[in-house]
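These are the residues of each chain, in order.
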2 protein chains.
Amino acid sequence: MQTNDQLLSAIENYLTRIDFPSDPKLLYAPIGYSLAEGGKRLRPMLVLLSCQLFSDNVQQALPAAAAVELFHNFTLLHDDIMDNAAVRRGKPSVYAKWGQNVAILSGDAMLIEAYQLLGESAPHLLPQILQTFNTMALEVCEGQQYDMDFEHKSKVSVVEYTHMIELKTSVLLAGSAVIGATIGGASKEDCRKIRRFATELGLAFQLQDDLLDSYGDQQLGKAIGGDILEGKQTYLMVTAMSRADENDREILRNTHRDSQLSNVEKITRIKTVYDRYDIPRLTEQQIGLRFDRALAALATISTDTARIEPLYEFARSLMGRKK
Amino acid sequence: MQTNDQLLSAIENYLTRIDFPSDPKLLYAPIGYSLAEGGKRLRPMLVLLSCQLFSDNVQQALPAAAAVELFHNFTLLHDDIMDNAAVRRGKPSVYAKWGQNVAILSGDAMLIEAYQLLGESAPHLLPQILQTFNTMALEVCEGQQYDMDFEHKSKVSVVEYTHMIELKTSVLLAGSAVIGATIGGASKEDCRKIRRFATELGLAFQLQDDLLDSYGDQQLGKAIGGDILEGKQTYLMVTAMSRADENDREILRNTHRDSQLSNVEKITRIKTVYDRYDIPRLTEQQIGLRFDRALAALATISTDTARIEPLYEFARSLMGRKK
């Protein structure tokens, strides 16, 4: 068995060694640029960790691990065009650096490269892996479309919002875990369990992300209140909208575009409403619930406890928890 | 064996019956819209015809045939954004009808759906089919990137241009043919031959397209001279540039942006230079050469002559030739 640090190194090494063509430059350079920007490699880590639940041969899962990382970066490339985002991981986005057309086309190439890596899987597993990957990939697109739809929707229910983030965030973690487990030789039942684990963990992670955007620790260097200022639908917003009276709903709906207010005033006004309806605590409760469900699903997988431990560690570290 | 008309009907039927989800609407509606717009279904026809060279069971090739048609339409969707094209097959492009973000994301979904169809191939052939498809798909992206690169390049050689159209047009026809032949059970040697056939046919087709844009029959309803007015690199332009003296090269380079001239004057001026260097005849010669090579490759495939005949018919009809 390998430690989580060893697995992360294996991924980084593998990604560095992928031999992308050098020409045409504008097609392939953005792929190397995106991958070199780093990130936490959560998805490929889940592929390897889930494979290691059932097998010591994690090497065999490296191409698929790289495939989900390429897929993830492909979605970021195209999302940045759609969201008009100039910065990604502290550096200019491909869209900002090379322009829209390069971002579209090199994103397409990145998606195809992901399938090329997937094609290196053991032939007898390929049909199943391809199907898991395709379903996952389509659902991620669905999540992005719902997310964009919500921008023009005045009322988004908690159920709709949860479904959207499940598609946009959980599905990719779940697909990665199932692909890794499949390569490791998991039973269908264990694939179902690891999917449940990753789905719930993804939801917990996304809800925590929503919470931290408004109530995070500014010392971590992240600006507070970005979602509020953009008027974004978040778990906090949709939960508050479902509980607030008409007067407060007006505030929730319109504060972000009130040109009379400073940014600090806007954030304070919205958070006052959130606090009035106990939204931070309700969100934390939901995060805890999802996290507990994730760990519970993990505990029932048919393998040695020692093999499960690294996934606990991964989950705790993802959520910034000690235990 | 089925006739070409029967094969075309089979494709149309199969495409109509693909069951895309209904939600989110903005993700899936453009896919149905693109496929319903028609087109000549050249690529799926090549899949089926190449399968039928070696097998009577063309049904088994229908998912892959649909996959290459979806892939082709995906490239059109994204190309239309990059080219800022408002019209496609006489109807508003997805980009014009729904906007850029929808065109990006539904294009992505279309590419993934293509892989989903490909995944329905017989498991023992899937690794090979996936590899052929991936290589093809990447090369098509490379072709589109070179095409965009050429817009900013003052000098494009005949070799560079031919390589670009081989990537942009031939590769997809060649990939379709090889996938069909693989499904039909072709030998490696015959796969090589059918690839040669489709590659040369694609080149002949693209060169003819270039020729007709400047010298076509206006009665066919296509405006003449579009490429000249856009200052596009075409086989005629790069060949003329390689043969003209400096004075004529100036005319070739700058006429399209000369605001003193009417469109008719621009077209006449460029065509006068083309005629001076015998470009139409040289292009026709090249088309004939490529077409002959295509048919020669076909003739050596190890199967009954009767099975090859429908591919001759397809090739002749593609080039608008009687024999």
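All figures in this text were calculated on a predicted structure; none of them were measured in a lab.

Conventions used here
- Residues numbered from 1 in each chain as written.
- Chains lettered and ligands numbered in written order.
- Predicted model: local features only at pLDDT ≥ 70, side-chain atom pairs only at ≥ 80, totals over all residues.
- Heavy atoms only, no water.
- pLDDT = per-residue confidence, 0-100.
- Contact = heavy atoms within 4.5 Å.
- Buried area = accessible area lost by both parts, 1.4 Å probe.
- Salt bridge = Lys/Arg side-chain N within 4 Å of Asp/Glu carboxyl O.
- Least-squares fit on C-alpha atoms with pLDDT ≥ 70 in both.
- Axes fitted to C-alpha atoms, helices over the stretch in contact; angles between N-to-C directions.
- Helix = DSSP H or I, 4+ residues; strand = E, 2+ residues; numbered from the N terminus.
- Parallel < 35°, antiparallel > 145°, perpendicular 65-115°, else oblique.
- Left-handed = near helix turned anticlockwise from the far one by under 90°.
- Nonpolar A, V, L, I, M, F, W, Y, C, P; charged D, E, K, R; others polar.
- Phe/Tyr/Trp six-rings, centres within 6.5 Å; stacked < 30°, edge-to-face > 60°.
- Buried < 20%, exposed > 50% of the residue type's maximum accessible area, 1.4 Å probe, protein only.
- Expected span 1.5 Å × (residues − 1).

> I keep staring at the confidence of the model for chain A and nothing clicks. Help me out?
If pLDDT is low for a region, its predicted coordinates should not be looked at in detail. The predicted model of chain A averages 95 in pLDDT, with 97% of residues at 70 or higher. Interface confidence in the predicted complex, given as ipTM, is 0.95; pTM for the same model is 0.95.

> In this structure, what is going on with the interface of chain A and chain B? I would like to understand it.
Taken together, the 37 residues of chain A in the interface contact 37 residues of chain B. Taken over both partners, the interface formed by chain A and chain B buries close to 3500 Å², and the fraction arising from carbon and sulfur atoms is 71%. Contact with chain B buries area across many residues of chain A, yet L105, I112 and L138 of chain A alone supply 18% of it, more than any other trio. Taken together, the connections running from chain A to chain B amount to zero salt bridges.

> What's the story with the relation of the copies chain A and chain B in this structure? I'm lost.
What relates the pair of chain copies is a rotation about an axis plus a shift along that axis. Of the transformation placing chain A onto chain B, the axial shift is 0.0 Å and the rotation is 180°, giving an RMSD of 0.0 Å. Taken together, the turn and the small shift mark the pair as related by a two-fold rotation axis. A high fraction, 100%, of the interface residues of chain A reappear at the interface in chain B, so the copies pair face to face through one surface.

> Got a minute to help me understand the packing of helix 4 (residues 62-82) of chain B against helix 7 (residues 126-151) of chain B in this structure?
Relative placement of two packed helices is described by the angle separating their axes and the distance separating the axes. Residue and element names in this part refer to chain B. The contact between helix 4 and helix 7 brings their axes to 12 Å, and the two run at 20°. Looking at the two axes, helix 4 sits roughly parallel to helix 7. In the packing of helix 4 onto helix 7, the handedness of the crossing is right-handed. Residues A67, V68, F71, T75, D79 and M82 of helix 4 pack against F133, M136, A137, V140, Q144 and M148 of helix 7. Among the residues making up the contact of helix 4 with helix 7, the classes are represented as nine nonpolar, two polar and one charged.

> What exactly am I supposed to notice about the environment of D210 of chain B here?
Residues and elements named next belong to chain B. Along the polypeptide, D210 turns up in helix 9 (residues 188-215). Separated by 191 residues in sequence, D210 and D19 have C-alpha atoms that sit 37 Å apart. When residues no more than four places from it in sequence are discounted, the contact partners of D210 are Y161, D227, T234, Y235 and L236.

> What is the right way to look at the packing of aromatic side chains in this model?
For any pair of aromatic rings, geometry is given as the distance between the ring centres together with the angle between the planes. Counted under the stated rule, the structure contains nine aromatic pairs over all chains. Here the aromatic rings of Y115 of chain A and F133 of chain A are separated by 5.1 Å at their centres, their planes lie at 70°, and the arrangement is edge-to-face. Highlighted residues: Y115 of chain A in helix 6 (residues 100-118) and F133 of chain A in helix 7 (residues 126-151), separated in sequence by 18 residues. Between F71 of chain B and F133 of chain B, the ring centres sit 5.6 Å apart and the planes meet at 75°, which makes this aromatic pair edge-to-face. Placement of F71 of chain B in helix 4 and of F133 of chain B in helix 7 is noted, with a sequence separation of 62 residues between them. Summarising the burial analysis for this pair, F71 of chain B and F133 of chain B share the class buried.

> Could you clarify how one ought to interpret the pattern of salt bridges in this entry?
In a structure, side chains of opposite charge can pair up when their charged atoms sit close to one another. Residue and element names in this part refer to chain A. Per the stated rule, a full pass over the model turns up 36 salt bridges over all chains. The residue D56 makes a salt bridge to R307 at a minimum N-O spacing of 3.1 Å. Placement of the pair is D56 in the loop between helix 3 (42-52) and helix 4 (62-82) and R307 in helix 15 (residues 305-318), with a sequence separation of 251 residues. For D56, a relative accessible area of 48% corresponds to the partly exposed category. Classification of R307 by relative accessible area gives buried; the value is 16%. Two residues, R196 and E200, come together in a salt bridge whose shortest N-O distance is 3.4 Å. Of this pair, R196 and E200 both sit in helix 9 (residues 188-215), separated by four residues, roughly a single helical turn. A relative accessible area of 6% places E200 in the buried class. Linked by salt bridges that have partners in common, R196, E200, R290 and R293 make up one network.

> Help me understand the side chain of T169 of chain A in this model?
Here T169 of chain A shows up in helix 8 (residues 158-184). Other than its neighbours up to four places away in sequence, T169 of chain A contacts G202, F205 and Q206 of chain A.

> Whenever I open this one, unusual backbone geometry confuses me. Can you help?
Apart from glycine, the bulk of residues carry a negative phi angle, and the bulk of peptide bonds sit in the trans form. Following D23 of chain A, the chain continues into P24 of chain A via a peptide bond in cis, with omega recorded as -10°. Considering the arrangement of structural elements, one finds P24 of chain A in the loop between helix 1 (4-17) and helix 2 (25-36). Unlike most non-glycine residues, D278 of chain B shows phi in positive territory, near 65°.

> Explanation requested: helix 8 of chain A in the structure shown.
Residues and elements named next belong to chain A. In this model helix 8 runs 36 Å from its N-terminal to its C-terminal C-alpha over 27 residues, within 8% of the 39 Å that 1.5 Å per residue would give. With 21 of 27 residues buried, helix 8 is to be regarded as a mostly interior element. Downstream of helix 8 by one or two residues, G185 has phi in the positive range, about 95°.

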